[in-house]
Amino acid sequence: MGSIIRQLGALIPLAWLLAQTGNLNLVWLAFPLAEVISVTVTALGLRKVIRTQVRPLYHRPAAS
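Values in this document were obtained by computation on a predicted structure and should not be read as measured data. (Residues numbered from 1 in each chain as written. Predicted model: local features only at pLDDT ≥ 70, side-chain atom pairs only at ≥ 80, totals over all residues. Heavy atoms only, no water.)

**Q** Which parts of the structure should I look at to understand the overall build of the protein chain?
**A** Regarding its fold elements, the protein chain presents 2 helices and 0 strands. Over its C-alpha trace the protein chain gives a radius of gyration of 19 Å, far above what one expects of a compact globule, namely 11 Å for 64 residues. If one aligns the C-alpha atoms of the protein chain with their principal axes, the spans along those axes are about 70 × 15 × 10 Å. Across the 64 residues that make up the protein chain, the buried fraction comes to 12%. When the accessible surface of the protein chain is split by element, carbon and sulfur atoms take 69% of a total near 5300 Å². (Helix = DSSP H or I, 4+ residues; strand = E, 2+ residues; numbered from the N terminus. Rg over C-alpha atoms; globule rule 2.2 N^0.38 Å. Buried < 20%, exposed > 50% of the residue type's maximum accessible area, 1.4 Å probe, protein only. Areas by Shrake-Rupley, 256 points an atom, 1.4 Å probe, with all protein chains shown as cover.)

**Q** Can you help me understand the nonpolar core in this one?
**A** In a soluble, globular protein the nonpolar side chains are often hidden away together inside. Among the nonpolar cores identified, the biggest contains 6 residues, and these are Ala10, Leu11, Leu14, Leu18, Ala30 and Ala34. When contributions to this core are tallied by element, the ones reaching two or more residues are α1 (2-19) and α2 (30-58). A per-element tally of this core places α1 first, with 4 residues. Not counting chain neighbours up to four residues away, the residues in contact with Ala34 comprise Arg6, Ala10, Leu11 and Leu14. (Core = buried A, V, L, I, M, F, W, Y, C linked by side-chain atoms within 4.5 Å. Contact = heavy atoms within 4.5 Å.)

**Q** Help me understand the environment of Asn23, please; the structure alone is not making it clear to me.
**A** Its place among the elements puts Asn23 in the loop between α1 and α2. With a relative accessible area of 36%, Asn23 lands in the partly exposed category. Between the C-alpha atom of Asn23 and that of Gly45, which follows or precedes it by 22 residues, the distance is 34 Å.

**Q** Any chance you could explain the environment of Thr21 here in plain terms?
**A** Considering the arrangement of structural elements, one finds Thr21 in the loop between α1 and α2. You can call Thr21 partly exposed: its relative accessible area is 48%. Sequence separation between Thr21 and Ile37 is 16 residues, and the spatial gap between their C-alpha atoms is 21 Å.

**Q** Teacher, can you tell me more about a nonpolar patch on the surface here?
**A** Judged by side-chain polarity, Leu46, Val49, Ile50, Val54, Leu57 and Tyr58 come together as a nonpolar surface patch covering roughly 580 Å² of accessible area. Along the polypeptide, Leu57 turns up in helix α2. (Patch = residues over 30% accessible without salt bridge, like charges linked within 9 Å, V, L, I, M, F, W, Y side chains within 5 Å. Salt bridge = Lys/Arg side-chain N within 4 Å of Asp/Glu carboxyl O.)

**Q** Got a minute to help me understand α2 in this structure?
**A** Residues separated by three or four positions in an α-helix point in the same direction, a consequence of the helix having 3.6 residues per turn. Helix length check: α2 (29 residues) gives 41 Å between terminal C-alpha atoms against 42 Å at 1.5 Å per residue, within 8%. Where α2 bends most, the angle comes to about 40 degrees, and this point is Ile50. What α2 keeps buried is the set Ala30, Ala34 and Ser38. (Expected span 1.5 Å × (residues − 1). Bend = angle between axes of the 7 residues up to and from the residue.)

Don't take any of this as a statement about function, it's just geometry.
Below, the structure written as structure tokens:
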């Protein structure tokens with residue numbers, strides 16, 4: 001999922017936007033920026049999973 005977000009959600013739009021500046025050397029910035037965006041989105045998703053699915057496992061009452 002992270003690679004789809006990076007490619008379609010970040011890299012292509014960033015490359016297009018940076019190409020619109022007229023300085024094609026800026027297009028190379030799309031790669032590291034897409035990685036940062038991908039890591040951020042993935043970390044936020046992981047945080048949500050931990051909060052909603054993992055933490056409740058530790059707060060269950062003990063079985064009798």
